[in-house]
Every structure is written in C-alpha cells, then in structure tokens.
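Here's the letter readout for the chains.
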Amino acid sequence: MSEKLKRLSNISVGDVYPVKGGSITVLEKRPRHVILVKHNDEYGHEMWTRKDAIKKGMVKNPFYPDVQGVGYLGVGKYVTTKNYKVTEEYKRWVSMMQRGYNEDFKIKNPTYKDCTVCEEWHNFQVFAEWYTNQKGYGKGFDLDKDILIEGNKHYSPETCCLVPVQINRAFTEHSYKSSGLPKGVRKNISGNYSVTVCAEGKQEYVGTFKTIEEATKAYSKAKSARCKELALRYKEDLGTRVFLALMSREF
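Treat the numbers as computed from the prediction; the structure is a model and nothing was measured.

Scoring rules and cut-offs
Residues numbered from 1 in each chain as written. Predicted model: local features only at pLDDT ≥ 70, side-chain atom pairs only at ≥ 80, totals over all residues. Heavy atoms only, no water. Disulfide = S-S within 2.5 Å. Buried < 20%, exposed > 50% of the residue type's maximum accessible area, 1.4 Å probe, protein only. Phe/Tyr/Trp six-rings, centres within 6.5 Å; stacked < 30°, edge-to-face > 60°. Helix = DSSP H or I, 4+ residues; strand = E, 2+ residues; numbered from the N terminus. Salt bridge = Lys/Arg side-chain N within 4 Å of Asp/Glu carboxyl O. 1 Å grid on protein atoms, 1.4 Å probe; cavity = no way out; pocket = protein on both sides within 12 Å on 5 of 7 lines; lining within 4 Å. Points joined across faces, edges and corners; volume = space filled by probe spheres on them. Nonpolar A, V, L, I, M, F, W, Y, C, P; charged D, E, K, R; others polar. Pairing = 2+ DSSP bridges. Axes fitted to C-alpha atoms, helices over the stretch in contact; angles between N-to-C directions. Polar contact = N/O pair within 3.5 Å; in protein donor to acceptor, adjacent residues only side chain to side chain. Contact = heavy atoms within 4.5 Å. pLDDT = per-residue confidence, 0-100.

### Focus: the state of the cysteines
Applying the stated criterion to the full structure yields 0 disulfides. With no disulfide of its own, C118 has C160 as its nearest cysteine by sulfur position, at a separation of 7.8 Å. Overall, C118 belongs to the buried group, its relative accessible area being 8%.

### Quick notes on the packing of aromatic side chains
Within this structure, the stated rule accounts for 12 aromatic pairs. Judged by centre distance (4.1 Å) and plane angle (10 degrees), the rings of Y43 and F63 are stacked. Of the two residues, Y43 is situated in the loop between strand 3 (34-39) and strand 4 (46-50) and F63 in the loop between helix 2 (51-55) and strand 5 (81-82); the sequence distance between them amounts to 20 residues. Considering the side-chain rings of F127 and W130, the 6.1 Å spacing of their centres and the 40 degrees angle between planes classify their relative orientation as tilted. Linking F127 with W130, this pair stays in helix 5 (residues 124-131), spanning 3 residues, or about one helical turn. The exposure class of F127 is buried, given its relative accessible area of 0%. You can call W130 buried: its relative accessible area is 13%. Taken together, the ring pairs in this structure connect W121, F127, W130, Y131 and Y137 into an aromatic cluster.

### Let's talk about the pattern of salt bridges
Side chains that differ in charge, positive against negative, can pair when their charged atoms come close. Taken as a whole and assessed by the stated rule, the structure comprises 5 salt bridges. Note that R226 is salt-bridged to E229, the shortest N-O span being 2.8 Å. Of the two residues, R226 and E229 both sit in helix 7 (residues 212-233), 3 residues apart, roughly one turn of that helix. Ionic pairing is found between R233 and E229, a salt bridge with its closest N-O pair at 3.4 Å. Of this pair, R233 and E229 both sit in helix 7, separated by 4 residues, roughly a single helical turn. The partly exposed category is assigned to E229, whose relative accessible area is 40%.

### A word on empty space enclosed by the protein
Tallied over the entire structure, the rule returns 1 cavity of 30 Å³ or more. In this structure, the largest cavity spans a volume of roughly 40 Å³. Ranked by the residues each element gives to the lining of the largest cavity, the list is headed by helix 7, at 3 residues. Its residues assigned to classes, the lining of the largest cavity comprises 4 nonpolar, no polar and 2 charged.

### Focus: the sheet that holds strand 4
As summarised here, the arrangement of the 4 strands in space is 1-2-3-4, forming an open sheet in which the pairing is antiparallel. Two strands bound the open sheet, and with one partner strand each, they are strand 1 (16-19) and strand 4. Neighbour-to-neighbour, the strand axes of the sheet open up by a mean angle of 40 degrees, direction not taken into account. Note: strand 1 against strand 2 (residues 22-30), 4 bridges, orientation antiparallel.

### As for the layout of surface pockets
Here the second largest pocket defines a volume of roughly 470 Å³. What lines the second largest pocket is a set of 20 residues, among which K60, N61, P62, D66 and L73 lie closest to the centre. Split by residue class, the lining of the second largest pocket holds 11 nonpolar, 6 polar and 3 charged.

### Description of the side chain of Q125
For Q125, the location among the structural elements is in helix 5. Note on Q125: relative accessible area 9%, which makes it buried. A distance of 3.3 Å separates a polar atom in the side chain of Q125 from the backbone nitrogen of K77. Those residues within four positions of Q125 in sequence are excluded, and the remaining contacts are L73, G74, V75, G76, K77 and Y78.

### Here's the deal with the confidence of the model for the protein chain
Mean pLDDT over the protein chain stands at 90; residues scoring 70 or higher make up 92%. pLDDT under 50 marks residues 1-8. Its contacts with residues more than four places away, or in other chains, come to 7 contacts.

Right, dumping it as structure tokens:
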C-alpha cells in the first residue's frame, strides 16, 4: 500500500478535521473513499465528500462567508456557473455584495458609501430565488435599489427591482460639483442657465433660461416627462409596482 493510501485509510468515524473557517466531523464511511461529514458550526450542514479532500482541508462549507466577508453560497438549486459561464444571478449578487461591503469600491464610488444589503440576501440561494422570479430576468436588466424608494441605500426584496439599462441610466444625472447648481443645470458664459437631462446614456439639451428657478423647473418637467416616456416604452417588461413608481416620480 502506498504512503498516500495509508494516510487516507486512517480516517475514522468521529474524527475532526480543519477546513476553511472551521472544522468537520466524520459521520460515516463508504467504499471508494466516500465520506459523510458534518460542518461544526451553527448550520451543521452535512455533505458527502472524498478522503483526499478531507486530508487536504478542501471540503467547502456552503455557509462560510467568503464573499466580502458576509456573503455565502448556501444550499439549493442555484449555481454560480452554467455551461462554463457565470450565471446572471451570481454576477448580480457578487456586484451587489461589493457595493454593500467593499470599502475600496465605496471610496472609488462614493454614491455607494452608505449602501447595505439585507441579511437574508447574504445567502446567494435566497437572492437568486428572488432574482430569477422577477419579470426582467434573463433580459440583461440592471438591479436597481432606488426607483421604488427614492434615495434608498438598502438592497432588499422590498426595495429592489429589475429595470432596463436605459431606465437605470436615466436616473444618473450629471452634476457640476464646483458650480453649486442643481443637477442638470449649468451656467454658461452669457450668464444664463443651460439645462440638460440624461437620455439613453447621453445628455439631451432642454433649453437655456435666465434664472436658476426657471432652469430648475424646466429640468424637473423634462426629467419627469422622460421618466414617463421610458415607463410607457418598457411597460410590458416592468412589474406593476415599478411602472407606477416611474409614472409618479417627480424630480
């Protein structure tokens, strides 16, 4: 018997082995080095594995939070890859967790400074169940957190929705930070105020006005109209709640 097989054959029921983030206990042995183990944590997840994985400490715990220190894959039917490609739901989940818990990302993208993710969505399986049952699933839509509730910073089933990229971009307005003026308003060399709104990812000219008040009103009117136009265009792809939120949004 080789030295490797000797080491593997030493595994016994009741043995405890270290794994990433904790340990496992051997519960049952079967032929061909197939072993039933239990993770020694609050979840106590049981799984079948192989002796070589146990010896190398490579038995993965689906409840170990290895995504941004809080997210875990969980146990269920949703997978991270399919046909050698990362699944849409996993991409969205990883991105969401980054926005909620990656400090370097928040420094580079300060609009996400105070973002958080609800505890139930720390479990990928729970998020994926919600995500794949949304009307826009499979259409390349964006995960949005502040259309249903303006100014919201919390990702959760109650606050999030899937929307076309065109709608999501419409809510991203250019702001001239050094001017101290409202979004979409800029003072030109003549002393008047130019107004633009975001349309299809580009700035669309609305008009030029003599006062900030006039410019602000023009921006609000144009932005609201643009929002309603997009809502009507994509009505068939939106849930009722999202559609009504877009139709009633005032800027």
